[in-house]
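For reference, the chains in residue letters:
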Amino acid sequence: MNKIEKILVGITGSEHSYYASLYAIYLASLLKAELIGIFVINEKSLDELLKANIFITEEKAGYEQDMENDALSYLTQFESTAMKKNIPVVKFIRKGVVHREIINFAEENHVDLVVIGELNKIISLKDIAYDEMERLLRESKIPVVVANNREMITMLYQNL
Amino acid sequence: MSLLEILDKNCIKTDIQSLDKLGSIQELTELLFKNKKISDKSQVINDVLKREAKGSTGIGKGIGVPHAKTAAVSKLTLAIGVSREGVDFTSIDGKYVHILFLLLAPPHSAGPHVEALSEIARLITPPGIKEKIKNASSSEEIITIITEYYNS
(Lines give C-alpha, C1' and ligand atoms only; values in the text may rest on other atoms or scores of the structure.)
Protein backbone atom coordinates (compact mmCIF):
# COMPACT_ATOMS: atom_id res chain seq x y z
CA MET A 1 0.00 0.00 0.00
CA ASN A 2 1.51 3.33 -1.07
CA LYS A 3 -1.23 5.54 0.13
CA ILE A 4 -4.62 5.33 1.73
CA GLU A 5 -7.10 5.11 -1.12
CA LYS A 6 -10.16 3.55 0.48
CA ILE A 7 -11.63 4.35 3.87
CA LEU A 8 -14.46 2.31 5.34
CA VAL A 9 -16.64 3.52 8.18
CA GLY A 10 -19.05 1.32 10.15
CA ILE A 11 -22.43 3.03 10.41
CA THR A 12 -24.72 1.87 13.20
CA GLY A 13 -26.97 4.83 13.94
CA SER A 14 -25.33 5.35 17.32
CA GLU A 15 -23.77 8.59 18.48
CA HIS A 16 -20.37 6.87 18.44
CA SER A 17 -20.81 5.98 14.77
CA TYR A 18 -21.95 9.52 13.93
CA TYR A 19 -18.62 10.92 15.14
CA ALA A 20 -16.81 8.10 13.36
CA SER A 21 -18.52 9.19 10.15
CA LEU A 22 -17.45 12.83 10.67
CA TYR A 23 -13.87 11.72 11.22
CA ALA A 24 -13.98 9.41 8.20
CA ILE A 25 -15.26 12.31 6.05
CA TYR A 26 -12.41 14.49 7.33
CA LEU A 27 -9.82 11.78 6.58
CA ALA A 28 -11.27 11.10 3.12
CA SER A 29 -11.05 14.80 2.30
CA LEU A 30 -7.50 15.12 3.64
CA LEU A 31 -6.21 11.97 1.90
CA LYS A 32 -8.40 12.27 -1.21
CA ALA A 33 -9.58 8.74 -0.54
CA GLU A 34 -12.74 6.95 -1.56
CA LEU A 35 -15.20 6.88 1.32
CA ILE A 36 -17.40 3.85 1.96
CA GLY A 37 -20.12 3.48 4.55
CA ILE A 38 -21.30 0.05 5.67
CA PHE A 39 -24.24 -0.89 7.86
CA VAL A 40 -24.42 -4.51 9.02
CA ILE A 41 -27.76 -5.95 10.06
CA ASN A 42 -27.12 -8.20 13.04
CA GLU A 43 -28.62 -11.38 11.67
CA LYS A 44 -26.98 -13.50 14.35
CA SER A 45 -29.01 -11.82 17.09
CA LEU A 46 -32.21 -12.18 15.09
CA ASP A 47 -31.58 -15.91 14.72
CA GLU A 48 -30.76 -16.25 18.43
CA LEU A 49 -34.03 -14.61 19.40
CA LEU A 50 -36.00 -16.90 17.13
CA LYS A 51 -34.22 -19.94 18.58
CA ALA A 52 -34.91 -18.71 22.14
CA ASN A 53 -38.63 -18.34 21.28
CA ILE A 54 -38.49 -14.65 22.16
CA PHE A 55 -39.27 -13.88 18.52
CA ILE A 56 -41.84 -15.57 16.37
CA THR A 57 -41.04 -16.01 12.69
CA GLU A 58 -43.26 -13.17 11.53
CA GLU A 59 -41.71 -10.88 14.13
CA LYS A 60 -38.16 -11.72 13.11
CA ALA A 61 -39.03 -10.82 9.52
CA GLY A 62 -40.59 -7.58 10.73
CA TYR A 63 -37.55 -6.57 12.74
CA GLU A 64 -35.27 -7.49 9.88
CA GLN A 65 -37.27 -5.18 7.64
CA ASP A 66 -37.12 -2.44 10.29
CA MET A 67 -33.37 -2.84 10.52
CA GLU A 68 -33.08 -2.58 6.74
CA ASN A 69 -35.14 0.60 6.80
CA ASP A 70 -32.97 1.96 9.61
CA ALA A 71 -29.85 1.01 7.63
CA LEU A 72 -31.07 2.95 4.57
CA SER A 73 -31.97 5.92 6.71
CA TYR A 74 -28.64 6.06 8.56
CA LEU A 75 -26.61 5.55 5.40
CA THR A 76 -28.58 8.32 3.69
CA GLN A 77 -27.87 10.62 6.64
CA PHE A 78 -24.17 9.72 6.38
CA GLU A 79 -24.19 10.52 2.67
CA SER A 80 -25.89 13.84 3.28
CA THR A 81 -23.33 14.77 5.95
CA ALA A 82 -20.50 13.89 3.57
CA MET A 83 -22.01 15.77 0.63
CA LYS A 84 -22.12 18.95 2.71
CA LYS A 85 -18.31 18.83 2.38
CA ASN A 86 -18.43 17.61 -1.24
CA ILE A 87 -17.25 14.13 -0.35
CA PRO A 88 -19.06 11.41 -2.29
CA VAL A 89 -19.88 8.21 -0.48
CA VAL A 90 -20.47 4.62 -1.54
CA LYS A 91 -22.99 2.79 0.65
CA PHE A 92 -23.43 -0.88 1.47
CA ILE A 93 -25.75 -2.94 3.62
CA ARG A 94 -24.72 -6.39 4.75
CA LYS A 95 -26.31 -9.02 7.00
CA GLY A 96 -24.54 -11.32 9.40
CA VAL A 97 -22.18 -11.09 12.36
CA VAL A 98 -21.34 -7.41 12.51
CA HIS A 99 -17.58 -7.40 13.08
CA ARG A 100 -17.04 -10.35 10.74
CA GLU A 101 -18.99 -8.73 7.88
CA ILE A 102 -17.07 -5.46 8.21
CA ILE A 103 -13.72 -7.27 8.29
CA ASN A 104 -14.63 -9.49 5.32
CA PHE A 105 -15.90 -6.53 3.30
CA ALA A 106 -12.76 -4.54 4.04
CA GLU A 107 -10.49 -7.41 2.98
CA GLU A 108 -12.48 -8.29 -0.16
CA ASN A 109 -12.58 -4.67 -1.29
CA HIS A 110 -8.97 -3.77 -0.48
CA VAL A 111 -9.91 -1.14 2.06
CA ASP A 112 -6.87 0.63 3.51
CA LEU A 113 -8.34 2.02 6.70
CA VAL A 114 -11.40 1.24 8.84
CA VAL A 115 -12.91 3.93 11.06
CA ILE A 116 -15.11 3.03 14.02
CA GLY A 117 -16.72 5.01 16.80
CA GLU A 118 -15.38 5.23 20.33
CA LEU A 119 -15.69 1.93 22.12
CA ASN A 120 -18.37 1.35 24.70
CA LYS A 121 -17.29 1.50 28.30
CA ILE A 122 -16.26 -1.96 29.41
CA ILE A 123 -18.47 -2.86 32.33
CA SER A 124 -17.63 -6.55 32.35
CA LEU A 125 -15.58 -9.27 30.74
CA LYS A 126 -18.65 -10.17 28.70
CA ASP A 127 -18.55 -6.78 27.04
CA ILE A 128 -15.19 -7.67 25.53
CA ALA A 129 -16.56 -10.97 24.25
CA TYR A 130 -19.83 -9.62 22.84
CA ASP A 131 -19.09 -6.04 21.82
CA GLU A 132 -18.87 -6.09 18.04
CA MET A 133 -16.61 -3.05 17.68
CA GLU A 134 -14.27 -4.41 20.34
CA ARG A 135 -14.02 -7.67 18.38
CA LEU A 136 -13.48 -5.82 15.12
CA LEU A 137 -10.60 -3.90 16.64
CA ARG A 138 -8.98 -7.10 17.89
CA GLU A 139 -9.52 -9.23 14.79
CA SER A 140 -9.03 -6.84 11.89
CA LYS A 141 -5.80 -7.20 9.92
CA ILE A 142 -6.49 -3.84 8.30
CA PRO A 143 -5.60 -0.72 10.32
CA VAL A 144 -8.49 0.52 12.45
CA VAL A 145 -8.92 4.05 13.73
CA VAL A 146 -11.11 4.67 16.75
CA ALA A 147 -12.73 8.11 16.52
CA ASN A 148 -12.32 9.50 20.04
CA ASN A 149 -12.54 13.15 21.09
CA ARG A 150 -15.84 14.42 19.77
CA GLU A 151 -14.96 18.07 20.17
CA MET A 152 -11.85 17.76 18.04
CA ILE A 153 -13.65 15.66 15.42
CA THR A 154 -16.50 18.14 15.16
CA MET A 155 -14.03 21.00 14.70
CA LEU A 156 -12.06 19.11 12.03
CA TYR A 157 -15.26 18.37 10.09
CA GLN A 158 -16.61 21.90 10.40
CA ASN A 159 -13.34 23.41 9.20
CA LEU A 160 -13.31 21.37 5.99
CA MET B 1 -24.66 -3.56 25.85
CA SER B 2 -25.26 -4.42 29.49
CA LEU B 3 -28.81 -4.71 30.79
CA LEU B 4 -27.63 -2.69 33.78
CA GLU B 5 -27.45 0.34 31.46
CA ILE B 6 -31.21 0.23 30.91
CA LEU B 7 -32.35 -1.14 34.26
CA ASP B 8 -33.23 1.08 37.19
CA LYS B 9 -33.35 -0.80 40.50
CA ASN B 10 -36.64 0.94 41.22
CA CYS B 11 -38.12 -0.86 38.21
CA ILE B 12 -37.66 -4.31 39.70
CA LYS B 13 -40.52 -5.93 41.61
CA THR B 14 -39.76 -9.08 43.57
CA ASP B 15 -43.35 -9.75 44.61
CA ILE B 16 -45.61 -9.75 41.58
CA GLN B 17 -49.09 -10.30 42.97
CA SER B 18 -51.09 -11.08 39.84
CA LEU B 19 -51.52 -14.64 38.74
CA ASP B 20 -52.49 -13.80 35.14
CA LYS B 21 -50.69 -12.31 32.16
CA LEU B 22 -52.61 -9.03 31.95
CA GLY B 23 -52.29 -8.37 35.67
CA SER B 24 -48.56 -9.00 35.76
CA ILE B 25 -47.96 -6.76 32.74
CA GLN B 26 -50.09 -4.07 34.37
CA GLU B 27 -48.05 -4.28 37.59
CA LEU B 28 -44.76 -3.80 35.78
CA THR B 29 -46.20 -1.04 33.61
CA GLU B 30 -47.43 0.75 36.73
CA LEU B 31 -43.93 0.47 38.20
CA LEU B 32 -42.38 2.03 35.10
CA PHE B 33 -44.98 4.80 35.09
CA LYS B 34 -44.42 5.53 38.78
CA ASN B 35 -40.70 5.89 38.05
CA LYS B 36 -41.36 8.18 35.09
CA LYS B 37 -39.93 5.75 32.54
CA ILE B 38 -43.06 5.75 30.37
CA SER B 39 -45.44 8.50 29.39
CA ASP B 40 -48.64 6.50 28.84
CA LYS B 41 -49.62 3.32 30.71
CA SER B 42 -52.55 2.40 28.44
CA GLN B 43 -50.46 2.71 25.30
CA VAL B 44 -47.77 0.46 26.74
CA ILE B 45 -50.28 -2.19 27.79
CA ASN B 46 -52.00 -2.06 24.40
CA ASP B 47 -48.71 -2.33 22.53
CA VAL B 48 -47.49 -5.23 24.69
CA LEU B 49 -50.79 -7.10 24.42
CA LYS B 50 -50.83 -6.57 20.66
CA ARG B 51 -47.53 -8.44 20.54
CA GLU B 52 -48.79 -11.13 22.92
CA ALA B 53 -51.80 -11.71 20.67
CA LYS B 54 -49.41 -12.89 17.93
CA GLY B 55 -47.83 -15.44 20.24
CA SER B 56 -47.03 -15.72 23.92
CA THR B 57 -43.67 -14.43 25.12
CA GLY B 58 -43.75 -17.04 27.85
CA ILE B 59 -40.70 -18.72 26.36
CA GLY B 60 -40.66 -21.67 28.71
CA LYS B 61 -38.76 -22.72 31.84
CA GLY B 62 -40.51 -20.09 33.92
CA ILE B 63 -39.45 -17.06 31.88
CA GLY B 64 -41.60 -14.41 30.24
CA VAL B 65 -40.19 -11.69 27.97
CA PRO B 66 -43.09 -9.42 27.05
CA HIS B 67 -41.80 -6.72 24.74
CA ALA B 68 -43.03 -4.06 22.37
CA LYS B 69 -42.15 -1.06 20.30
CA THR B 70 -44.07 1.85 21.77
CA ALA B 71 -44.18 5.60 21.42
CA ALA B 72 -44.65 5.78 25.19
CA VAL B 73 -40.87 5.54 25.72
CA SER B 74 -38.05 7.66 24.34
CA LYS B 75 -35.35 5.06 24.98
CA LEU B 76 -34.93 1.38 25.78
CA THR B 77 -36.66 0.62 29.06
CA LEU B 78 -36.64 -2.54 31.15
CA ALA B 79 -38.60 -3.74 34.14
CA ILE B 80 -38.11 -7.07 35.90
CA GLY B 81 -40.74 -8.87 37.93
CA VAL B 82 -40.52 -11.99 40.06
CA SER B 83 -43.53 -14.06 41.01
CA ARG B 84 -43.21 -16.68 43.75
CA GLU B 85 -46.50 -18.38 42.91
CA GLY B 86 -46.15 -18.13 39.18
CA VAL B 87 -48.09 -16.30 36.50
CA ASP B 88 -50.21 -18.04 33.91
CA PHE B 89 -48.54 -16.58 30.83
CA THR B 90 -49.78 -19.24 28.39
CA SER B 91 -46.15 -20.25 28.00
CA ILE B 92 -45.03 -22.56 25.23
CA ASP B 93 -44.23 -25.33 27.73
CA GLY B 94 -47.42 -24.86 29.71
CA LYS B 95 -45.51 -23.89 32.87
CA TYR B 96 -46.14 -20.80 34.95
CA VAL B 97 -43.75 -17.87 34.65
CA HIS B 98 -41.72 -16.81 37.67
CA ILE B 99 -39.43 -14.19 36.10
CA LEU B 100 -40.67 -11.48 33.77
CA PHE B 101 -38.55 -9.12 31.68
CA LEU B 102 -40.71 -6.34 30.28
CA LEU B 103 -38.71 -4.58 27.54
CA LEU B 104 -39.97 -1.51 25.73
CA ALA B 105 -38.30 0.30 22.86
CA PRO B 106 -39.19 3.44 20.93
CA PRO B 107 -40.15 2.94 17.29
CA HIS B 108 -37.25 3.12 14.82
CA SER B 109 -34.67 1.61 17.16
CA ALA B 110 -34.85 -1.96 15.94
CA GLY B 111 -31.09 -2.57 16.31
CA PRO B 112 -30.81 -1.65 20.01
CA HIS B 113 -34.11 -3.40 20.72
CA VAL B 114 -32.81 -6.65 19.23
CA GLU B 115 -29.53 -6.24 21.10
CA ALA B 116 -31.32 -5.82 24.44
CA LEU B 117 -33.51 -8.86 23.84
CA SER B 118 -30.38 -10.85 22.96
CA GLU B 119 -28.83 -9.76 26.24
CA ILE B 120 -31.87 -11.07 28.13
CA ALA B 121 -31.64 -14.38 26.26
CA ARG B 122 -27.96 -14.67 27.24
CA LEU B 123 -28.57 -13.67 30.86
CA ILE B 124 -31.06 -16.47 31.50
CA THR B 125 -28.88 -19.16 29.92
CA PRO B 126 -26.20 -20.00 32.51
CA PRO B 127 -27.22 -22.72 34.96
CA GLY B 128 -28.47 -21.48 38.30
CA ILE B 129 -29.11 -17.86 37.42
CA LYS B 130 -32.87 -18.22 37.01
CA GLU B 131 -33.11 -19.81 40.45
CA LYS B 132 -31.03 -17.02 41.98
CA ILE B 133 -33.27 -14.34 40.47
CA LYS B 134 -36.44 -16.23 41.43
CA ASN B 135 -35.27 -16.52 45.03
CA ALA B 136 -34.06 -12.92 45.34
CA SER B 137 -35.81 -10.97 48.05
CA SER B 138 -34.95 -7.45 46.93
CA SER B 139 -34.27 -5.42 43.82
CA GLU B 140 -30.74 -4.77 45.10
CA GLU B 141 -30.15 -8.49 45.23
CA ILE B 142 -31.27 -8.86 41.61
CA ILE B 143 -28.95 -6.04 40.56
CA THR B 144 -26.12 -7.86 42.37
CA ILE B 145 -26.96 -11.14 40.63
CA ILE B 146 -26.92 -9.48 37.21
CA THR B 147 -23.70 -7.61 38.01
CA GLU B 148 -22.04 -10.89 39.05
CA TYR B 149 -23.22 -12.48 35.81
CA TYR B 150 -21.52 -9.75 33.79
CA ASN B 151 -18.34 -10.05 35.80
CA SER B 152 -18.10 -13.82 35.53
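Just above, that's the structure.
Source: prediction; values computed, not measured. (Residues numbered from 1 in each chain as written. Chains lettered and ligands numbered in written order. Predicted model: local features only at pLDDT ≥ 70, side-chain atom pairs only at ≥ 80, totals over all residues. Heavy atoms only, no water.)

Undergrad: Teacher, can you tell me more about the packing of aromatic side chains here?
TA: The way to describe two aromatic rings as a pair is by their centre distance and the angle between their planes. According to the stated counting rule, one finds six aromatic pairs over all chains in the structure shown. Considering the side-chain rings of Tyr18 of chain A and Tyr19 of chain A, the 5.1 Å spacing of their centres and the 75° angle between planes classify their relative orientation as edge-to-face. Take Tyr18 of chain A: its relative accessible area is 42%, and that puts it in the partly exposed class. Looking at Tyr19 of chain A, the relative accessible area reads 17%, which means it is buried. Lying over the aromatic face of Tyr157 of chain A, Lys85 of chain A brings its terminal NZ or CZ to 5.0 Å of the ring centre. Of note, Lys21 of chain B hangs over the ring of Phe89 of chain B, and the distance from its end group to the ring centre comes to 4.9 Å. (Phe/Tyr/Trp six-rings, centres within 6.5 Å; stacked < 30°, edge-to-face > 60°. Buried < 20%, exposed > 50% of the residue type's maximum accessible area, 1.4 Å probe, protein only. Lys NZ or Arg CZ within 6 Å of the ring centre and 35° of its normal.)

Undergrad: Looking at this structure, I do not really get the interface of chain B and chain A. What am I missing?
TA: Many authors give the size of an interface as the accessible area that is lost as the parts come together. The interface of chain B with chain A comprises 24 residues on the first partner and 22 residues on the second. Carbon and sulfur atoms make up 58% of the surface buried where chain B meets chain A, a total of about 2,100 Å² over both sides. Of all residues in chain B, Val114, Arg122 and Tyr150 of chain B bury the most surface against chain A, accounting for 22% of the area lost on that side. Counting across the interface, chain B meets chain A through four salt bridges. The residue Glu59 of chain A makes a salt bridge to Arg51 of chain B at a minimum N-O spacing of 2.7 Å. When residues of the side of chain B that touches chain A are traced back to their parent elements, those giving at least two are α2 (41–54), β4 (67–69), α3 (110–123) and α5 (139–151) of chain B. Counting residues per element, the side of chain B that touches chain A draws most heavily on α3 of chain B, at eight residues. (Contact = heavy atoms within 4.5 Å. Buried area = accessible area lost by both parts, 1.4 Å probe. Salt bridge = Lys/Arg side-chain N within 4 Å of Asp/Glu carboxyl O. Helix = DSSP H or I, 4+ residues; strand = E, 2+ residues; numbered from the N terminus.)

Undergrad: Is there a simple way to explain the sheet that holds strand β4 (residues 113–117) of chain A in this structure?
TA: Working definition: the strands of a sheet are paired by backbone hydrogen bonds and lie parallel or antiparallel to each other. Residue and element names in this part refer to chain A. Spatial strand order, β3-β2-β1-β4-β5: five strands in an open sheet with parallel pairing. Two strands lie at the open edges of the sheet, namely β3 (89–96) and β5 (144–147), each paired on one side alone. Across the sheet, the axes of successive neighbouring strands diverge by a mean angle of 25°, strand direction being ignored. Sheet topology places β4 next to β5; four bridges connect them, and they run parallel. Note on β5: the bridge partner recorded for Val114 is Val144. Packing against the sheet, helix α1 (residues 15–31) makes contact with β1 (6–10), β2 (34–42), β4 and β5, and its axis sits at approximately 150° to β4. Relative to β2, helix α4 (residues 98–108) is tilted by about 150°, and along the sheet it contacts β1, β2, β3 and β4. (Pairing = 2+ DSSP bridges. Axes fitted to C-alpha atoms, helices over the stretch in contact; angles between N-to-C directions.)

Any functional reading would require information that these geometric values do not contain.
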